[in-house]
Structures are given as C-alpha cells and as structure tokens.
Amino acid sequence: CGMLIFRRSTGEGYWTIAVFGVDSRDGSMDYTNTDTIIIASINNDTKVVKLVSIYRDTYMKIIGADGKTDKVYPYFKVNYAYNAGGAQAAVNTLNANLDLNIKDYVAVNFNGLAEIIDLLGGIEVNLTEEEMVYVNGYLTETRKVTGMHSPDLTQWGDNIHLDGLQATAYSRIRYTPIYLEDGTSLNNDYGRAARQRNVITKMVAKAKEAGLQNVLAMCDEIFQSEEKIFKTSIPYDDVMKLVPVILNFSFGETSSFPYTLETTDDMHITLDSGSTVVAAGFSYNVTQLHKFLFPGEEYTPSDTVETISEAIRKETGLKTIRIEDYAGQN
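Residues numbered from 1 in each chain as written. Predicted model: local features only at pLDDT ≥ 70, side-chain atom pairs only at ≥ 80, totals over all residues. Heavy atoms only, no water.

Caption draft 1: Examining the sheet that holds strand β11 (residues 230–232) more closely. Pairing is mixed in the open sheet, where six strands are placed in the order β11-β6-β1-β2-β3-β12. The open sheet has two free edges, formed respectively by β11 and β12 (250–257), since each of these has just one partner strand. Recorded for the sheet is a direction-independent mean angle of 20 degrees between the axes of neighbouring strands. Taken together, the six bridges between strand β2 (residues 34–43) and strand β3 (residues 48–54) define a ladder with antiparallel strand orientation. Along β3, the bridge assignment pairs I39 with V52. This element, helix α5 (residues 188–210), spans β2, β3 and β12 of the sheet and lies at about 165 degrees to β12. (Pairing = 2+ DSSP bridges. Helix = DSSP H or I, 4+ residues; strand = E, 2+ residues; numbered from the N terminus. Axes fitted to C-alpha atoms, helices over the stretch in contact; angles between N-to-C directions. Contact = heavy atoms within 4.5 Å.)

Take a look at the structure:
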C-alpha cells in the first residue's frame, strides 16, 4: 500500500512522493539509515509513473528536520539524513539538493515490506543462480530481524515466486549483477537500486490484479500497524480516496541518480563518509533529473544547487562528465 500512495507536491501536472526503506535491525521507524531512497513522480496528464532511485551513498548536503544544515556532518551520504532527523530531515535533504518540493513520504521497514508483499500474494522475478544463493544468505538475518519465517529458495530461472520475506531479501542483494531486459548488467549499489525498483513495479502489478476492493482492504489492514511497520505523512482518509485513482496509472521509465558519477574509491580520495558516490557535476545531474521527471518543463538549477555543486567539486576535485561521453557503471 505504501508504494501506491502519491500526492501533488512538485509541478502543476505532477504528484511526487519520497519512498524510504529503513535499514532497522530493531524494527524502529525513526533515526536509522535508509537503504532505499526512491522518488516517484506521476504525470497527472499522461497517467504515467516514473521512479528514480537515489543511490544511498550519494554525497549531498544534509539538511535537518529544522531546515538547517546538519552540524555533525554538513556533507555526507544521503542515507544519513533519515538517521540524523527522521523522515522530515530526509525529505528536506532531497528538496534542497535536488530542487524539489516533496511534501509527502512513505517509510517502510523490513517487516512492513514483507507483510505488504505477502498480502499481495508475493511477486515473481527472474533470478540467477547466484541471486538465489544471496537471497538465502540474506534470509538468515532477515528472519532474525523480523521474527518472520520463510524457507530458503531451491529454484532459479524466470518467473520465480518470492514471498514477502524472500522478496525483501532479494531487494537487499548488491554483491552479484542483475541483468535487465535490455541486456544491461548492474552490480553493487546500482544493482540493488534496480532490484528495489523491480520489486515496486511487481508489487503495483499485483495490486492491479487484486482489484480495487481487495487493495482497499489491504490498505485498511496495513494502517492498523502504522508506526510499527511503516509511517507516512499522508492521512488514512486521503489514502483510501487516492487508491482508486492510483490503480489507473501505469509505470513508465525508471532511472537512478546521479547519472554521471564516480566513487571515492575510484578517485583515490578520502571523505569522512567512507566509500561514497559522487556526482560528476552535481548541478548537471540535477538538471538531468528534472528532464527525466518533468519532461517539457524548463529548469535552471537554483543558487542553492549551484552552491552545493561547487562545494562538492572543490572537496572532491571531480569535474562534470556529460552523459553522452560517460562510459561508467550506470
């Protein structure tokens, strides 16, 4: 249900929402890192949804829940923002760095994702033998964290059925490639972000198959566990009104930010944040993000974004790399 909620928040013709998957070992919903950061944008005219994963290790300016720069780590990995000040800090950080105006969010922990997928009847994914091994490996920890049980996988191939806990484990894989339909392979955090987007699209497809009344019943059941498995800024009544609308939307392209990037390992420089993803030209990448999310709209980076871009350039020495000249991992 959490993945199906959208409200108007950026641009006259768009609804935009931040989706966070929290990496909580104790089941809490507050002040923990976010392994999943996804921006979902709906074009109100075309009824198409676009998803953008923000790599969790992306170097950004961290903005607290009070709207001020974080005092401990002014610049750090973006997944730290939720840890520093909860969902509001994470939203503030995305808005400031990416020139967005997101007002609403959904945050889900391991239990929440697994329970929602189980309510949908599970999902089917294409799975390599290596991915099957990693799913089983992650299941060991995920069982302990959630208190839920799910058997190890014994099959791999096309359209392998995953229950909620298995799908949650699948979405955590980052040590073996995922092979996309166009033949592209992605590894490390890039592959994990692609798997997370894959899980969301599969969930929405299952929700459409389930039908309106079943989805409304699922949302009602999920909201009874609010603050335990998920939290959201969107009131219950608004969710129930929006579900019929959302089920009429379709998924379009998916993407990841930043588009042109390097890691601190590749650059042989050291930051307090450790191994970090650095945008090769931060303001350039923000411009590409706006082109992807809001095609046809004119956009010029704000002074805030230009200032952040220059600060990152000075600290890392990484200059702008144009997408047409880029041959990196993304």
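Caption draft 2: Just the packing of helix α6 (residues 212–223) against helix α7 (residues 236–246), in detail. Between α6 and α7, the least distance of the axes is 10 Å, while the angle of their chain directions is 160 degrees. Taken together, the axis directions place α6 and α7 in an arrangement best described as roughly antiparallel. For α6 against α7, the interelement crossing comes out right-handed. Mapping the contact onto sequence places L212, V215, L216, C219, D220 and F223 in α6 and Y236, V239, M240, V243 and P244 in α7. A breakdown of the residues in the contact of α6 with α7 according to their chemical character gives 10 nonpolar, no polar and one charged. (Parallel < 35°, antiparallel > 145°, perpendicular 65-115°, else oblique. Left-handed = near helix turned anticlockwise from the far one by under 90°. Nonpolar A, V, L, I, M, F, W, Y, C, P; charged D, E, K, R; others polar.)

Caption draft 3: Broad picture of the pattern of salt bridges. Enumeration according to the criterion identifies 12 salt bridges in this entry. Measuring nitrogen to oxygen at the nearest pair gives 3.6 Å for the salt bridge that ties K206 to E124. One end of the pair, K206, is in helix α5; the other, E124, is in strand β7 (residues 123–127), and 82 residues separate them in sequence. The class for K206 is buried, based on a relative accessible area of 14%. The exposure class assigned to E124 is partly exposed, which follows from its relative accessible area of 25%. Ionic pairing is found between E131 and R195, a salt bridge with its closest N-O pair at 2.9 Å. (Salt bridge = Lys/Arg side-chain N within 4 Å of Asp/Glu carboxyl O. Buried < 20%, exposed > 50% of the residue type's maximum accessible area, 1.4 Å probe, protein only.)

Caption draft 4: Summary view of the side chain of N109. Of note, N109 is situated in the loop between β6 (105–108) and α2 (110–119). For N109, a relative accessible area of 2% puts it in the buried group. At 2.9 Å, the side chain of N109 and the backbone oxygen of K228 are in polar contact. (Polar contact = N/O pair within 3.5 Å; in protein donor to acceptor, adjacent residues only side chain to side chain.)

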